[in-house]
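Each chain, letter by letter, is given below.
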Amino acid sequence: MDRSGDMLRVAIWRSRGDGGGFAHYDVPREASQTVLDVVTYVQRRLEPSLAYRFACRVGMCGSCAMTVNGVARWTCRTHVARVADGDRLEIAPLANLPVVKDLVTDMREFFDKWARARGRFGGARTRRDDFARVDPASPARRAADAGIECIGCGVCYASCDVVRWRPDFLGPAALNRAWTLVNDSRDTAQRERLAAVAGDAGCHACHTQGSCTERCPKHIAPTAAIAGLKRATARAAVRGTLGAEPR
Amino acid sequence: MKRAAAATAAGRSDAAGRVLADAIRQGRRWYWQRMSAMVLALCVLVHLVTIVYAVRAGLSAEAVLARTRGSLAFGAFYGVFVLACAVHVPIGLARIAEEWLGTAPRVADAAASALAWLLAALGLVAVYGMVAG
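All values derive from a computational prediction rather than experimental measurement.

### A word on the overall build of chain B
No. 1: Scanning chain B for helices and strands turns up five helices and zero strands.
No. 2: In sequence order, chain B lays out its α and β elements as α-α-α-α-α.
No. 3: Rg of the C-alpha trace for chain B: 19 Å, well past the compact-globule value of 14 Å for 133 residues, more than 25% over.
No. 4: C-alpha extents for chain B along the principal axes are approximately 65 × 25 × 20 Å.
No. 5: Taken over 133 residues, chain B has a buried fraction of 22%.

### Regarding the environment of B:R69
Residue and element names in this part refer to chain B.
No. 1: In this structure, R69 sits in the loop between α3 (61-68) and α4 (72-100).
No. 2: Classification of R69 by C-beta neighbours within 10 Å gives partly exposed; the count is 14.
No. 3: R69 sits 62 residues away from V131 along the chain, and the two C-alpha atoms are 4.1 Å apart.

### As for unusual backbone geometry
Residue and element names in this part refer to chain A.
No. 1: You will see that N69, though not glycine, has its phi angle at about 45 degrees, which is positive.
No. 2: Among the residues examined, N69 registers 15 C-beta atoms within 10 Å and is labelled partly exposed.
No. 3: Of note in this structure, D102 is not a glycine but carries a positive phi near 50 degrees.
No. 4: The topology assignment puts D102 in the loop between β6 (99-101) and β7 (104-105).

### Some words on the environment of A:R45
Residue and element names in this part refer to chain A.
No. 1: Here R45 lies in helix α1 (residues 35-46).
No. 2: Residue classification places R45 among the exposed positions, given that 11 C-beta atoms sit within 10 Å.
No. 3: Taking the C-alpha atoms as reference points, R45 and V27, 18 residues apart in sequence, are found 9.5 Å from one another.

### Comments concerning the domain arrangement of chain A
Residue and element names in this part refer to chain A.
No. 1: Structurally, chain A comprises domain 1 (7-105) and domain 2 (108-239).
No. 2: Summarising the inter-unit geometry, the C-alpha centres of domain 1 and domain 2 are found 29 Å apart.
No. 3: At the level of secondary structure, the elements contributing two or more residues to the side of domain 1 that touches domain 2 comprise β3 (65-68) and β4 (71-74).
No. 4: Broken down by class, the residue content of the side of domain 1 that touches domain 2 amounts to nine nonpolar, four polar and two charged.

### Notes on the pairing of β4(A)
Regular strands place their side chains on alternate faces of the sheet.
Residue and element names in this part refer to chain A.
No. 1: As judged from the four bridges shared by β3 and β4, these two strands associate in the antiparallel manner. Bridge pairing in β4 links T67 to A72.
No. 2: Counting the residues in the hairpin turn of β3 and β4 gives two residues, including N69, whose phi is positive at 45 degrees.

Calculation notes
Residues numbered from 1 in each chain as written. Chains lettered and ligands numbered in written order. Predicted model: local features only at pLDDT ≥ 70, side-chain atom pairs only at ≥ 80, totals over all residues. Helix = DSSP H or I, 4+ residues; strand = E, 2+ residues; numbered from the N terminus. Rg over C-alpha atoms; globule rule 2.2 N^0.38 Å. Buried ≥ 20, exposed ≤ 12 C-beta atoms within 10 Å, placed from the backbone. Domains from an automatic or database assignment. Nonpolar A, V, L, I, M, F, W, Y, C, P; charged D, E, K, R; others polar. Pairing = 2+ DSSP bridges.

Structural data, given as structure tokens:
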């Protein structure tokens, strides 16, 4: 439906010295308009000091996620027509992350947790070795494929109640990343990784509520990845190999 | 198991050792709760079917006891059921106590162990009463 000519009543979170509050703007409604289009319109026409973050505008970079009408979403691929409550749109920064200014959050803790979950590939081959051969149909490769397209937007992290309750929880994205590497037959840091993702701050804190899986814009299922990590860490813990030095 | 966890964690810094010991503890607890849950799923199903059957058949307490006394199959089944409960319930309660009441892991583990022994003892005494009483 072409709603050109209608106006959107947009509330956008603005930082102030005392923390901040919502400021209201009227934005013309356009056909196929995205939430990022609305924020860009406000910044370019109405409020030049509005801070927000975006880069690719096509759902690849993961930098434009915000809370839209109470739900964390990637704004560049979210059409206003799908999420507006009548003519109302409320746009806030992502939850569970410190706000730098307005709609910009500090993602350091989010990505530091990827490092704490051993989210970095550790290989043993050099450029002089032959290519590793990985069967694309193998269960491990399929499990890695299921989670590999994460763009690091932070939507799952902002939607996770466990992150809200206990800020040390590694969160769905970091654990999903770890699970893709647990299933990487080339990786050589498996024992350390399983030890890093187990325990109170790791996969065992997850309550399997599934908000991450429901909200992930890439349709990844971090809940399934975390369940996989629980199985893998339990096996290692019972066998006594969790965190043990390889022989 | 605690000794093994401590041995695995030995030789590392205190903080890293504590994190690893917690990881091992959580991994094992999850394993045993999942294993006991698989046993309980079967036991609860058989238990419910048995109850519905017994009630429909109009069995009295005496008639039930007449069937269970001397039945090794009954004793073995409910013995396993009791042991699965004794493993499963304390682990779950310890987790809830840690998360919701902020109970220290050592205290929660001690209380869970005591509860496990209590459940096992009371349950096995009851099973013994049904079979041999």
